[in-house]
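Coordinate analysis (summary)
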Amino acid sequence: RGLKEGLVGTAFLKRFNVAIDIEANVMNLYPLDRPELLAAGIDRASVAAEVPLYCYEATTVEASVEGASPALYILDSAAAANLVDRPFFEEHIKPKLDPARIVRGGIQGAGGAQYVNQVEGLTVRLGPLVLGGQQFNEFSMETLNMIPGRYTAGLLGNPLLWPYRVHMDFKNGRLILEKFPR
């Protein structure tokens, strides 16, 4: 109970239904057996997207980046960047881009400071929601993809998530992005 600071991941979150409201700086955890508590906090008229939420070793969703085939992406509200796996980028995204759009840049993550190829202005489709102007970083996801059975093409971080109230309905396997009232 009370205010806590730190990072929590899928192993913890999947035990609850979760609502993250970055504008209010609040994350609410609701018991899985009380889905009505999560539902009561969602303004259905403001829902921008509602898509399947998959809970494997990481919380994932299916998305399409820059018209590439839909693929699984890790959902990470704490990540300050969107990532796309290097082989996936090389095969599905890079051939469609003007090479001048790909620039070297730095990111800071769990592995410390790293220099990667970055591309601004990419489009992401998450169910019916199409988000333009997203920056993606080409990044080797090899270590994350060593987990058997699933390939993740990248990671969707807070640049994509934080413009919305994020509701993770782990009980029913749904991600709901709700527009903030303006």
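Presented here is an overview of the structure given in this document. (Residues numbered from 1 in each chain as written. Predicted model: local features only at pLDDT ≥ 70, side-chain atom pairs only at ≥ 80, totals over all residues. Heavy atoms only, no water.)

A closer look at the overall build of the protein
To keep it simple, the criterion reads: Runs of E in the DSSP output that reach at least two residues are strands. Runs of H or I that reach at least four are helices, and both are numbered from the N terminus. To get the radius of gyration, use the C-alpha atoms; to get the globule rule, take the number of residues to the power 0.38 and multiply by 2.2 Å. Throughout this description, buried means an accessible area under 20% of the type-specific maximum (1.4 Å probe, protein chains only), exposed means over 50%, and partly exposed covers the range between. Here the accessible surface of atoms and residues is derived via Shrake-Rupley with a 1.4 Å probe, and residues count as covered only by protein chains that are part of the display. Within this scheme the basic residues Lys and Arg register as positive and the acidic residues Asp and Glu register as negative, but His and the chain ends are omitted. A single reference atom marks each charge: NZ on Lys, CZ on Arg, CG on Asp, CD on Glu.
Scanning the protein for helices and strands turns up four helices and 13 strands. In terms of overall size, the protein behaves like a compact globule, its C-alpha atoms giving a radius of gyration of 16 Å where 182 residues would be expected to give roughly 16 Å. When its C-alpha atoms are laid out on the principal axes, the protein stretches across 50 × 35 × 30 Å. Buried residues in the protein amount to 43% of all 182 residues. Within the structure as shown, the protein displays about 9,900 Å² of accessible surface, and the carbon and sulfur contribution to it stands at 53%. Here the protein holds 18 positive side-chain charges and 20 negative ones, and the gap between their average locations is 4 Å.

Focus on the environment of A110
Mapped onto the fold, A110 is located in the loop between β8 (102–109) and β9 (112–126). Separated by 53 residues in the primary sequence, A110 and E57 have C-alpha atoms spaced 17 Å apart.

Things to note about the sheet that holds strand β12 (residues 164–169)
Hydrogen bonds between backbone groups are what pair the strands of a sheet, and the pairing can be parallel or antiparallel. Let me state the cut-off plainly: Any two strands are treated as partners once DSSP identifies two or more bridges connecting them. Throughout, an axis means a line fitted to C-alpha atoms (over the contacting stretch in the case of helices), and angles, computed between N-to-C directions, take values from 0 to 180 degrees.
The five strands lie next to each other as β2-β1-β12-β13-β3, forming an open sheet whose pairing is antiparallel. The sheet is open, and its two edges are formed by β2 (26–31) and β3 (47–52), each paired on a single side. Strand-to-strand twist across the sheet, computed as the mean angle between neighbouring axes with direction ignored, equals 10°. Pairing between β12 and strand β13 (residues 174–179): six bridges, direction antiparallel. Bridge assignment links M168 to a residue of β13, and that residue is L175.

Description of the nonpolar core
Soluble, globular proteins show a tendency: their nonpolar side chains are buried together. The line we're drawing: Residue types Ala, Val, Leu, Ile, Met, Phe, Trp, Tyr and Cys, when buried and joined through side-chain atoms within 4.5 Å, form a set referred to as a nonpolar core. Contacts are assigned to residue pairs with any non-hydrogen atoms lying within 4.5 Å of each other.
Counting 37 residues, the largest nonpolar core has Y73, I93, M168 and L175 as the members making the most contacts within it. Ranked by residue count, the leading element in this core is β9, at four residues. Once residues within four sequence positions are removed from consideration, Y73 is found in contact with T59, T60, V61, A63, V65, L83, V84, F88, A153, G154, L155 and L156. If you look at the next biggest cluster of nonpolar residues, it comprises nine residues, including A58, V116, M141 and L155.

Digging into the side chain of S46
Within the fold, S46 resides in the loop between α2 (35–40) and β3. Residue classification places S46 among the buried residues on the basis of a relative accessible area of 17%. For S46, the contacting residues outside a window of four places in its chain are L177, E178 and K179.

Some points on the packing of aromatic side chains
Quick reminder of the rule: Within 6.5 Å between ring centres, the rings of Phe, Tyr and Trp (the latter by its six-membered ring) count as paired, and their orientation is classed by plane angle as stacked under 30 degrees, edge-to-face over 60, tilted in between. Consider the ring centre and the ring normal. A charge sits over the ring if Lys NZ or Arg CZ is within 6 Å of that centre and within 35 degrees of that normal.
Within the structure shown, the criterion is met by two aromatic pairs. Ring centres 5.2 Å apart and planes at 50° place the aromatic pair F12 and F16 in the tilted group. A cation sits over an aromatic face here: R150 above Y56, 3.7 Å from the ring centre.

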